[in-house]
Amino acid sequence: MKILIILVIAVGIAALLQLGRVYDLTAKLRKTREEEISFADNKMNAMLWLVFMVLFYAGVIYLFIEYGDYLPVSASEHGVGVDTLMSFNMIIITIVFFAVNTLLFYFSAKYYYKKDRKAKFFPHDNRLELVWTVVPSLVLAIVIIYGLQTWNAMTGEVEDGALRVEIYSKQFDWTARYAGTDSEFGLSSYNLITPTNPLGIVTDDGIEEVTAEIEGQVDKLKMELAYERGLLAAEKEELEHQLHEADHHGHDHGDHEHAEGDDHHGNDAWKDVNMNRIAEIEEMMESDKATVLTEAAIEAKREKIYRLELQLQRILGLDNNTIGDVMEWEAGLDDQVVRELHLPVGQEVEFIFRSRDVIHSAYMPHFRAQMNCVPGVPTRFKMTPTITTDSMRMITDNEEFDYLLLCNKVCGAAHFNMQMKVVVQSEEQYKTWLEQQKTFYVDESKENNESEDVSPADDNVAEPADAGDQTATID
Ligand SMILES: [Cu+2]
């Protein structure tokens, strides 16, 4: 195939060279110099300008008709505004496009070369300068102001009572979080991400679980390093060397340092510790726990311990602040984490976008909504869906139609498949669905037996009363 392409190109070049030669020869026959272009040639080229202009316009108009209406019906309130903005810009661009190209082609055709034609000398005109500076500036200002207004309508403050949904992206899927009955999202931290807690929602139990897990891992790694033969051998050698040195010291110099302090007992104790440790090492080296690791492996384990301990510090450093009427660590307990986005029709929704790994882009073409999801920087966007999934199925005449949230930023190998279904439904349907979704923290004791929960609460009520009585008697 490649050879064929190269062959075609080579033959093409040869044909062009031959054509050039034919032209040379005919010029000689006509007895003119080859660089001299005749009046007929010029006129022909001028005509061709106009022919090309017509063909070019025909092509553009065809594309407009065939592909101009490429967007699906807008299914959000602001989407209509976005479409109007788009059309407004398109109209301006189209007018400018036809005006500029017509002038370009027409003047090229009209003023083709004639021997006796002279150019008019017209170097400067203030009025003209003013017109082509002020008119584009005005048009651009209008476009920008109009665009900003539309943008602010999508990103401005939400009304009170708007639904808030957090959209969480990672390679290569989406997760949505609803705030639950308290309408507040619990604090989340990437340090607490586990398979069962993909958003890293912070709760007391979660912290306990993850810290226990980390401590377990650190202990295991430290144990592996403690039983490494090479490290043990080096330590043993060092201890033996110390003992040896101390003995020599004693013989050669009368054990000055230690004799001065007159603490022979202390000195012996130190030696005992060393000897005990050496015995311990020997035992460890013979046990089946002893391992042999390469230097790189030892370094990797130390690095891992360092990282885990750092993570532990970060978790322990998490602050439990209040948001709204609740503490952040409690606010997460009733959050609902789901893999399918449901929205009530006609209600304003505020999206908060987050990312775990790389930059993704949440794109909902039917709602004319797109926002980058940036690790570490929550972004937001608001919209009001206006057409339910069911209605849209009728409009598109497609029983299987579903709204989609797509990733619109090439984020890795499975980017093409990074999507989440979005269901727009009536308020009642939405509420029913939401009630069926599990809360992040499922209190099993509450589910099994409600009465057990009640009794300790009763005790709590009783206690302060007793205390009050006691203080009363003391007084
Ligand atoms: Cu992505």
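This one's a predicted model, so the numbers in the text were calculated from it and none came from an experiment.

1. Some remarks on the packing of helix 5 (residues 204-226) against helix 9 (residues 295-316)
Moving on, step 1. Put simply, helix 5 and helix 9 touch, their axes get as near as 10 Å, and they point 155° apart. With respect to each other, helix 5 and helix 9 are oriented roughly antiparallel. In the crossing of helix 5 with helix 9, the sense of the turn from one axis to the other is left-handed. Contacts between helix 5 and helix 9 involve Ile207, Val210, Thr211, Ile214, Gln217, Val218, Leu221, Lys222, Glu224 and Leu225 from the former and Ile298, Lys301, Lys304, Ile305, Leu308, Glu309, Gln311, Leu312 and Ile315 from the latter.
Moving on, step 2. Of the residues belonging to the contact of helix 5 with helix 9, the class tally is 11 nonpolar, 3 polar and 5 charged.

2. Let's talk about the confidence of the model for the protein chain
Moving on, step 1. Scored by pLDDT, the protein chain has a mean of 82; 88% of the residues are at 70 or more.
Moving on, step 2. Within the protein chain, helix 14 (residues 450-474) has the poorest average pLDDT of any element, 39, and strand 8 (residues 360-364) the best, 93.
Moving on, step 3. A low-confidence stretch, residues 252-263 stays under pLDDT 50, and its non-local contacts, those more than four residues away or across chains, total 6 contacts.
Moving on, step 4. Counting interchain partners and residues more than four positions distant, the pLDDT-below-50 stretch residues 449-475 has 3 contacts.

3. Structural notes on the nonpolar core
Moving on, step 1. One finds Val165, Ile167, Leu341, Ala362, Met364, Leu405 and Val422 to be the most contacted residues of the largest nonpolar core, which totals 40 residues.
Moving on, step 2. Leaving out residues up to four positions away in the same chain, Ala362 has contacts with Ile167, Ser169, Phe353, Gln370, Met371, Cys373 and Leu405.

4. Focus: the packing of helix 2 (residues 39-67) against helix 3 (residues 77-110)
Moving on, step 1. Interaxial distance between helix 2 and helix 3 falls to 7 Å at its minimum, and their mutual angle equals 160°. The angle between helix 2 and helix 3 falls in the class roughly antiparallel. Viewed along their axes, helix 2 and helix 3 form a crossing whose handedness is left-handed. For the pair formed by helix 2 and helix 3, the contact residues are Ala46, Trp49, Leu50, Phe52 and Met53 on the first element and Asn101, Phe105, Ser108 and Ala109 on the second.
Moving on, step 2. The class makeup of the residues in the contact of helix 2 with helix 3 is 7 nonpolar, 2 polar and no charged.

5. Some points on the sheet that holds strand 10 (residues 379-383)
Moving on, step 1. Reading across from one edge, 5-2-1-7-10 is the order of the 5 strands in this open sheet, with mixed pairing throughout. Each edge of the open sheet is held by one strand with a lone partner, namely strand 5 (336-338) and strand 10. In this sheet, adjacent strand axes meet at a mean angle of 25° when their direction is disregarded.
Moving on, step 2. Sheet topology note: the strand 1 (residues 163-170)/strand 2 (residues 173-178) ladder contains 6 bridges and is antiparallel. Opposite Lys170, over in strand 2, you have Asp173 as the bridge partner.

Basis of the calculations
Residues numbered from 1 in each chain as written. Predicted model: local features only at pLDDT ≥ 70, side-chain atom pairs only at ≥ 80, totals over all residues. Axes fitted to C-alpha atoms, helices over the stretch in contact; angles between N-to-C directions. Helix = DSSP H or I, 4+ residues; strand = E, 2+ residues; numbered from the N terminus. Parallel < 35°, antiparallel > 145°, perpendicular 65-115°, else oblique. Left-handed = near helix turned anticlockwise from the far one by under 90°. Contact = placed C-beta atoms within 7 Å. Nonpolar A, V, L, I, M, F, W, Y, C, P; charged D, E, K, R; others polar. pLDDT = per-residue confidence, 0-100. Core = buried A, V, L, I, M, F, W, Y, C linked by C-beta atoms within 7 Å. Buried ≥ 20, exposed ≤ 12 C-beta atoms within 10 Å, placed from the backbone. Pairing = 2+ DSSP bridges.

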